[in-house]
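Chain and residue survey
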Amino acid sequence: MTTTPSELAPLEFSVTRNLAAKSAAEREQILRDPGFGSVFTDHMVDVCWSERGGWHRPRVQPYGPIPLDPAAAVLHYGQEIFEGIKAYRHADGSIHTFRAEDNARRLQRSAQRMALPELPVEYFMQSLRELIAVDGAWVPSGEDQSLYLRPFEFAKEAFLGVRPAAKVAYYLIASPAGSYFTGGVKPVRIWLSETYARAGRGGTGQAKTGGNYASSLLPQAEAYEQGCDQVVFLDQDGNVEELGGMNVVFVFKDGRVVTPQSDSILEGITRDSLLQLAEDRGHTIERRAVSLQEWRDGVASGEIVEVFACGTAAVVTPIGALVTRDGDETQPAGGLALSLREELTDIQYGRRDDKHGWLVRLDA
Ligand SMILES: *Cc1c(COP(=O)(O)O)cnc(C)c1O
């Protein structure tokens, strides 16, 4: 049974302040050059779920280790899902996030696939606001900086039998993030994984789940060995899927913008937004299978004029080369990726009209 928003009372969070919170001076020092994903804010949010009690015990508490039974199902069977969102500080000091309800719904779809309980969209949004209420000062104001928000859900029941856990935890942590690229956006070299697959038909490719990342680490290491930044995966039919954590988009000479679609590809919100902006400019959008052959033939004939990758963390990255054991296949350099990137980040940072209503204010 689904619950309609009006029936759902807001959660009542208990708030425990972190007595060892960083001082304003320490925080400012960190925010000058936060890097990515290694420093965390002073607090975290957690909500419990049990088969009997549903969602309960919503808390804001000091950031710190999670007590976990060694038999917790997540440690053995990987029943886990997550999301990645950014909070942006606008010039007037206000704090906004981008299409977060779409992340909430995607977390629900991931939950469904991984047999975890679906966190109501309202609770998800409330968790973001609760964390910003205590840690809002951690949203940096420098160029291209943001506060990266990481909601996640995992099976915490201590039970080694194999079935969906009857006890689950939802957490939200946050990490200030600097510009992903030092010295400007530069095209990346992509290693074509011909040995390993990321997902399979009917598998978990469409869910944002840790296991997909675990299985991508070895091919990613192979990519580094080959002097590449990222790896691109194919499906069993030789169609292009995506990178380990970014979607792929092809731009054609006639203005068509084409992206691979299948049930083994994660549906990126960055990609969806960029395609919407391209459509607003008059581009025709196609979401369909794209074979490796079509990619190669398109580049050889000049039909494909640009290839880029996109996702929340790096936003947009032009692909400069496709690399295989046979060598480098240089990709054409176009201007659409960077132009769409600028338009999207302008909207996110409040420098341009948000005509699609994508921003959600978090601090009011
Ligand atoms: C998160 C993710 C993306 C990008 O999604 P966004 O919503 O744009 O951040 C792409 N591929 C994979 C595998 C992902 O996990």
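Being a predicted model, the structure only gives us computed values, none of them experimental.

Rules of the game
- Residues numbered from 1 in each chain as written.
- Predicted model: local features only at pLDDT ≥ 70, side-chain atom pairs only at ≥ 80, totals over all residues.
- Heavy atoms only, no water.
- Domains from an automatic or database assignment.
- Contact = heavy atoms within 4.5 Å.
- Buried area = accessible area lost by both parts, 1.4 Å probe.
- Salt bridge = Lys/Arg side-chain N within 4 Å of Asp/Glu carboxyl O.
- Helix = DSSP H or I, 4+ residues; strand = E, 2+ residues; numbered from the N terminus.
- Nonpolar A, V, L, I, M, F, W, Y, C, P; charged D, E, K, R; others polar.
- Near = heavy atom within 4 Å.
- Polar contact = N/O pair within 3.5 Å; in protein donor to acceptor, adjacent residues only side chain to side chain.
- Areas by Shrake-Rupley, 256 points an atom, 1.4 Å probe, with all protein chains shown as cover.
- Phe/Tyr/Trp six-rings, centres within 6.5 Å; stacked < 30°, edge-to-face > 60°.
- Buried < 20%, exposed > 50% of the residue type's maximum accessible area, 1.4 Å probe, protein only.

1. Looking at the domain arrangement of the protein
The accessible area lost on association of the parts is a frequent measure of interface size. Segmentation of the protein into domains returns domain 1 (5-179) and domain 2 (188-348). Centre-to-centre, using C-alpha coordinates, domain 1 lies 28 Å away from domain 2. Facing 21 residues of domain 1, the contacting portion of domain 2 comprises 20 residues. When the two sides are added together, the surface that domain 1 and domain 2 hide from each other amounts to roughly 1,700 Å², 54% of it contributed by carbon and sulfur. The largest share of the area that domain 1 buries against domain 2 comes from Phe82, Phe98 and Arg106, three residues that together contribute 33% of it. Put simply, domain 1 and domain 2 have two salt bridges between them. Residue Asp272 pairs with Arg99 through a salt bridge whose shortest N-O separation is 3.0 Å. It is helix α3 (residues 100-113) that provides the largest number of residues to the side of domain 1 that touches domain 2, a total of six residues. Taken together, the residues of the side of domain 1 that touches domain 2 sort by class into eight nonpolar, five polar and eight charged.

2. Looking at the site of the ligand
If you check the shell around the ligand, you find 15 residues, and the closest are Lys208, Tyr213, Glu242, Thr270 and Thr312. Glu242 places a side-chain nitrogen or oxygen 2.5 Å from a nitrogen atom of the ligand. Note that an oxygen atom of the ligand is positioned 2.8 Å from one of the backbone N or O atoms of Ile269. Alone, the ligand offers 380 Å² of accessible surface; in the complex the protein occludes 97% of this.

3. Section: the packing of aromatic side chains
If you walk through the whole model with that rule in mind, you get nine aromatic pairs. Centroid distance Phe82 to Tyr213: 5.4 Å. Interplanar angle 65 degrees. Geometry classified as edge-to-face. In this pair, Phe82 is assigned in strand β4 (residues 80-82) and Tyr213 in helix α5 (residues 210-214), connecting sequence segments 131 residues apart. With relative accessibility at 7%, the residue Phe82 sits in the buried group. Consider the rings of Phe152 and Tyr171, whose centres lie 5.7 Å apart with planes at 15 degrees: the pair is stacked.

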